[in-house]
Amino acid sequence: MRKLILKNQKNEYQIIIEKGIFKNLNKIIKSYSYSKCVIITDKNIYEIYKEDIDNLNFEVVVIEPGEKSKNINTYEVVINKLLNMNFNREDIIVSIGGGVVGDLSGFIASTILRGVRYIQVPTTLLSQVDSSIGGKVAVNSLYGKNLIGSFYHPLEVIVDPEFLKTLPKREVKSGMGELIKHAMIKDKNLFNLLNEYKSFDELYENIEEILFISLNIKKEIVEIDEFDKGLRMILNFGHTIGHAIEKSFDEDFISHGEAVSFGMVHILEIFGKKEISEKLKALLIKYDIINNYDYNIKKIFKFIENDKKIMKDIINIVVVDKIGNAYIEKYTLNEFKDMIEV
Ligand SMILES: NC(=O)c1ccc[n+]([C@@H]2O[C@H](COP(=O)([O-])OP(=O)(O)OC[C@H]3O[C@@H](n4cnc5c(N)ncnc54)[C@H](O)[C@@H]3O)[C@@H](O)[C@H]2O)c1
């Protein structure tokens with residue numbers, strides 16, 4: 001069992017990482033005082049874990065799986081279900097799912113009755129290495145991803161790596177992209193460790209340690225910059241180009257992890273960091289995250305222009321100059337366009 005404490009401006013919460021801890025969830029929830037606890041999960045997870053979730057003996061709200069559910073319509077449907085159950089301010093929401101369920105449940109918790117407590121139980125690799133901590137909760141709008149949201153931290157985060165055993169391969173790749181990103185921006189030792197494992201199966205034998213290291217990287221960044229005003233931006237390494245690649249393709253064609261991975265490699269190449277980009281590519285290929293590295297970056301600039309993170313024509317680009325060290329450079333859009341199109 002590994003434990004982290006994340007301290008933010010108003011309070012602190014614990015993150016527990018342990019294989020099989022889900023079996024103790026009922027006991028963990030009951031250690032808090034409340035009159036009702038409602039689980040929010042998605043259909044895929046509920047199908048696989050129905051017996052375990054039903055055994056918890058709480059009300060369950062099940063949403064459709066995937067990004068298409070992360071919107072204001074689902075938000076309203078779920079809130080109405082909760083209010084119909086006479087949900088009150090002392091009650092607790094438990095999110096059992098990936099980043100979609102986690103971000104949506106967190107946003108519901110932050111707004112229903114002006115805020116109630118919620119517990120995160122992340123079930124994807126991406127949510128276990130990254131999205132379940134840090135307090136960014138949101139739904140998507142017609143104008144872009146995560147545009148309706150707030151900063152609202154959970155009461156506790158319970159990470160059970162056993163969930164990863166049923167995770168589709170594509171989702172494992174997606175999480176691996178974010179895990180490798182954490183190594184690139186903050187931790188050379190993590191990068192070396194990931195290099196040493198022969199495959200994801202070997203990594204899984206050490207999964208508690210790996211999740212601990214990855215969550216600790218994010219925790220330390222969030223503690224310094226809770227509201228995303230400075231340092232936290234380094235978590236966007238690879239994301240400016242990655243998001244643009246995602247938007248330019250059908251989501252079934254390219255996964256988030258793959259897109260971010262392409263984004264990391266491209267930025268390194270644009271900044272002439274050839275040696276690092278070769279090392280990164282080798283790692284990404286080993287974990288089967290990117291195969292065919294042949295992509296025309298010039299075609300996607302229009303999607304970069306529409307990025308919500310661009311303010312007053314200035315774009316913040318995260319660059320890695322040594323594995324484990326990231327910094328931010330500011331450019332005008334035109335400057336960045338020239339750099340891409342060289
Ligand atoms: N809040 C943050 O800081 C933050 C950070 C990064 C990403 N995100 C958000 O996270 C979301 C993506 O999260 P995700 O990649 O976890 O996707 P997801 O929640 O859509 O889950 C991916 C798929 O895996 C299925 N699934 C989940 N757990 C499973 C399991 N144990 N076994 C079998 N299937 C399972 C889901 O039903 C879904 O079909 C995006 O909306 C993104 O914006 C948030």
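Cut-offs used in this document
Residues numbered from 1 in each chain as written. Predicted model: local features only at pLDDT ≥ 70, side-chain atom pairs only at ≥ 80, totals over all residues. Heavy atoms only, no water. Axes fitted to C-alpha atoms, helices over the stretch in contact; angles between N-to-C directions. Helix = DSSP H or I, 4+ residues; strand = E, 2+ residues; numbered from the N terminus. Parallel < 35°, antiparallel > 145°, perpendicular 65-115°, else oblique. Contact = heavy atoms within 4.5 Å. Domains from an automatic or database assignment. Buried area = accessible area lost by both parts, 1.4 Å probe. Salt bridge = Lys/Arg side-chain N within 4 Å of Asp/Glu carboxyl O. Polar contact = N/O pair within 3.5 Å; in protein donor to acceptor, adjacent residues only side chain to side chain. Nonpolar A, V, L, I, M, F, W, Y, C, P; charged D, E, K, R; others polar. Phe/Tyr/Trp six-rings, centres within 6.5 Å; stacked < 30°, edge-to-face > 60°. Buried < 20%, exposed > 50% of the residue type's maximum accessible area, 1.4 Å probe, protein only.

## Topic: the packing of helix α6 (residues 169-186) against helix α7 (residues 188-196)
Part 1: Interaxial distance between α6 and α7 falls to 6 Å at its minimum, and their mutual angle equals 135°. Between α6 and α7, the angle falls in the class oblique. Note on element contacts: α7 touches α6 through K188, L190, F191 and L194, opposite L179, I180, A183, M184 and K186.

## Considering the domain arrangement of the chain
Part 1: If you check the domain split of the chain, you get domain 1 (2-166) and domain 2 (169-340).
Part 2: One C-alpha centre belongs to domain 1, the other to domain 2; they are set 25 Å apart.
Part 3: Listed per partner, the contact involves 32 residues of domain 1 and 30 residues of domain 2.
Part 4: With both sides pooled, the region where domain 1 packs onto domain 2 buries about 2800 Å², and carbon together with sulfur makes up 64% of that total.
Part 5: The largest share of the area that domain 1 buries against domain 2 comes from R2, L125 and V129, three residues that together contribute 22% of it.
Part 6: Remark: the boundary between domain 1 and domain 2 carries four salt bridges.
Part 7: Inspection of the region where domain 1 meets domain 2 yields 12 residue pairs in polar contact (both at pLDDT 80 or more).
Part 8: Of all the secondary structure elements, the ones that give two or more residues to the side of domain 1 that touches domain 2 are β1 (2-7), β2 (12-17), α5 (125-131) and β8 (144-151).
Part 9: Grouping the amino acids of the side of domain 1 that touches domain 2 by side-chain chemistry returns 14 nonpolar, seven polar and 11 charged.

## Focus on the packing of aromatic side chains
Part 1: If you walk through the whole model with that rule in mind, you get seven aromatic pairs.
Part 2: For the ring pair Y118 and Y152, a centre distance of 6.0 Å and an interplane angle of 10° mean the geometry is stacked. With Y118 in strand β6 (residues 117-122) and Y152 in the loop between β8 and β9 (156-159), this pair connects stretches of sequence that are 34 residues apart.
Part 3: Residue Y118 is classed as buried on the basis of its relative accessible area, which comes to 1%.
Part 4: Y152 sits in the partly exposed class, given a relative accessible area of 23%.
Part 5: Seen from their ring centres, F271 and Y331 are 6.0 Å apart, and the 55° between their planes marks the pair as tilted. Of this pair, F271 sits in the loop between α11 (256-270) and α12 (274-286) while Y331 is found in strand β11 (residues 325-332), placing the two residues 60 residues apart along the sequence. Each member of the pair, F271 as well as Y331, is classed as buried.

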